[in-house]
Amino acid sequence: MKWVKKLFYITLAINLISVSVNMFLGPHYIAAGGITGLAIIFEDMFGLARWIVILAFNIAILVVTYIFLGREIFFNTAIGSMLLPVFIWLIPHKTLVESTMLSMIAGSVIFGIAVSILYNNKASSGGTAVPPLILQKYLKINPAIGLFLTDGIVVILSLFVFSVDSFFYAIFSIFITSATMKYLESGINKKKMVYIISDMSEQILNDVLHKVGRGVTILPAIGGYSGNDHKMLMVTLDRRDYAQVIDIVNRYDKEAFMITDVVSEVHGQGFTYESGSI
């Protein structure tokens, strides 16, 4: 069942990549790095179908992956690598958005969503995602730098094949794709971490536990000026619960000292399994 779910998400991601390339980036000659960008360039230079270029390069990449990175990464890469040329062939080459700028933005966001899905399932569509892993293993080069170098070669090549406009659109596309992936990684699941110091901490604690339904951790705190002992409450909240906690604190102590921080990800009680008090 786990493999069925994983295969579904990989297939969905590859489908999104193909839509991004064939309907948004490709029609406007935006080769934003990767094997798909290279396929767009080769199609224009040599008249080769995109799926043939991707298939040929991905087969070569899979061989290199097996030799240099081992069986586990090979199998995680193989599914996406073989599905990508199939979907690139199946998805029609059609211009959905006439504006190059809007098409670049939409295509880049879709591409970023797709790659995030692949990463979350420890999969890949092959192509230029593999060489950075080899550079990391043997030359200790950071994968981000390796990916920048490999994608940079493709983008620079587009400058000579297409136009200066296409070159800059490709650069913007990479930034938008990266921003989308970053947001999906840390933006959607952001929580609020609230620290509360108040003389009415017992009442606030009781309401947060029973009215908001969130666990609270009590931390000892000492005032730097007064030297007095205090109880500091620490609570992690969804965005929808934050306003309710603010109301509770203001109801009991308008002079309470509060610090609110934003955290990207939370695991544990009340978030990834059944809630309760800590």
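Residues numbered from 1 in each chain as written. Predicted model: local features only at pLDDT ≥ 70, side-chain atom pairs only at ≥ 80, totals over all residues. Heavy atoms only, no water.

**Some details on the overall build of the protein**
A count of helices and strands for the protein gives 10 helices and 4 strands. Helices and strands appear in the protein in the N-to-C order α-α-α-α-α-α-α-α-β-α-β-β-α-β. What you see for the protein is a C-alpha radius of gyration of 25 Å, clearly larger than the 19 Å of a compact globule of 278 residues, by over 25%. Seen along its three principal axes, the alpha-carbon backbone of the protein occupies a region of about 75 × 45 × 35 Å. Among the 278 residues that make up the protein, the fraction classed as buried is 42%. When contacts within the protein are restricted to residue pairs at least 6 apart in sequence, long-range pairs at least 24 apart make up 74% of them. Here the protein displays about 15500 Å² of accessible surface, and carbon together with sulfur accounts for 64% of that area. Charged side chains of the protein number 20 positive and 19 negative; the gap between the two group centres comes to 8 Å. (Helix = DSSP H or I, 4+ residues; strand = E, 2+ residues; numbered from the N terminus. Rg over C-alpha atoms; globule rule 2.2 N^0.38 Å. Buried < 20%, exposed > 50% of the residue type's maximum accessible area, 1.4 Å probe, protein only. Contact = heavy atoms within 4.5 Å. Areas by Shrake-Rupley, 256 points an atom, 1.4 Å probe, with all protein chains shown as cover. Lys, Arg positive; Asp, Glu negative; His and termini not counted. Charge placed at Lys NZ, Arg CZ, Asp CG, Glu CD.)

**What to know about the sheet that holds strand S4 (residues 257-263)**
Spatially, S2-S3-S1-S4 is the arrangement adopted by the 4 strands of the open sheet, whose pairing is antiparallel. Edge positions in the open sheet fall to strand S2 (217-222) and S4, since each of these has one partner strand only. Pairs of neighbouring strands in the sheet enclose a mean axial angle of 25°, with direction left out of account. Of the strand pairs in this sheet, strand S1 (residues 191-197) and S4 are connected by 7 bridges, and their pairing is antiparallel. Paired with Tyr195 across the strands is Ile259, a residue of S4. (Pairing = 2+ DSSP bridges. Axes fitted to C-alpha atoms, helices over the stretch in contact; angles between N-to-C directions.)

**What about the layout of surface pockets?**
It is the rolling of a water-molecule-sized probe over the atoms that shows where space remains empty. There is about 310 Å³ of room inside the second largest pocket. Lining the second largest pocket are Lys2, Trp3, Lys5, Lys6, Tyr9, Ile117, Asn120 and Asn121. Those elements that provide at least two residues to the lining of the second largest pocket are helix H1 (2-25) and helix H5 (100-120). The leading source of residues in the lining of the second largest pocket is H1, at 5 residues. Residues belonging to the lining of the second largest pocket are distributed by class as follows: 3 nonpolar, 2 polar and 3 charged. (1 Å grid on protein atoms, 1.4 Å probe; cavity = no way out; pocket = protein on both sides within 12 Å on 5 of 7 lines; lining within 4 Å. Points joined across faces, edges and corners; volume = space filled by probe spheres on them. Nonpolar A, V, L, I, M, F, W, Y, C, P; charged D, E, K, R; others polar.)

**Let's talk about the packing of helix H2 (residues 34-46) against helix H3 (residues 50-69)**
Relative to each other, H2 and H3 sit at 130°, their axes nearing to 8 Å. The angle between H2 and H3 falls in the class oblique. Handedness of the crossing formed by H2 with H3: right-handed. Residues Ile35, Thr36, Leu38, Ala39, Ile40, Phe42 and Glu43 of H2 touch H3, and the partners they reach there are Arg50, Val53, Ile54, Phe57 and Asn58. Residue classes in the contact of H2 with H3 are distributed as 8 nonpolar, 2 polar and 2 charged. (Parallel < 35°, antiparallel > 145°, perpendicular 65-115°, else oblique. Left-handed = near helix turned anticlockwise from the far one by under 90°.)

**Considering the pairing of strand S3 (residues 229-237)**
By the bridge criterion, 6 bridges tie S1 to S3 in an arrangement that is antiparallel. Bridge assignment links Val194 to a residue of S3, and that residue is Val235.

**Focus on unusual backbone geometry**
It is generally the case that most residues other than glycine have a negative phi and that most peptide bonds are trans. The backbone of Tyr29 shows a phi angle near 55°, a positive value even though the residue is not glycine. Among the secondary structure elements, Tyr29 is positioned in the loop between H1 and H2. In this structure, Lys140 takes a positive phi of about 60° despite not being glycine. Residue Lys140 is classed as exposed on the basis of its relative accessible area of 69%.

**Quick look at the pattern of salt bridges**
Overall, the coordinates contain 7 salt bridges when judged by the stated rule. Across the pair Arg251 and Asp207 runs a salt bridge, and its minimum N-O distance is 3.1 Å. With Arg251 in helix H10 (residues 239-252) and Asp207 in helix H9 (residues 201-212), this pair connects stretches of sequence that are 44 residues apart. The partly exposed category is assigned to Arg251, whose relative accessible area is 48%. (Salt bridge = Lys/Arg side-chain N within 4 Å of Asp/Glu carboxyl O.)

**Digging into the environment of His93**
Position of His93 relative to the elements: it lies in the loop between helix H4 (71-90) and H5. Sequence separation between His93 and Ala243 is 150 residues; the distance between their C-alpha atoms is 48 Å. Leaving out residues up to four positions away in the same chain, His93 has contacts with Asn22, Glu43, Arg50 and Ile88.

**Quick word on the environment of Ile79**
Mapped onto the secondary structure, Ile79 falls in helix H4. Setting aside chain neighbours within four positions, we find Ile79 in contact with Trp3, Leu7 and Ile10.

**What to know about the side chain of Ser18**
In this fold, Ser18 is placed in helix H1. Leaving out residues up to four positions away in the same chain, Ser18 has contacts with Met23, Leu84, Phe87, Ile88 and Ile91.

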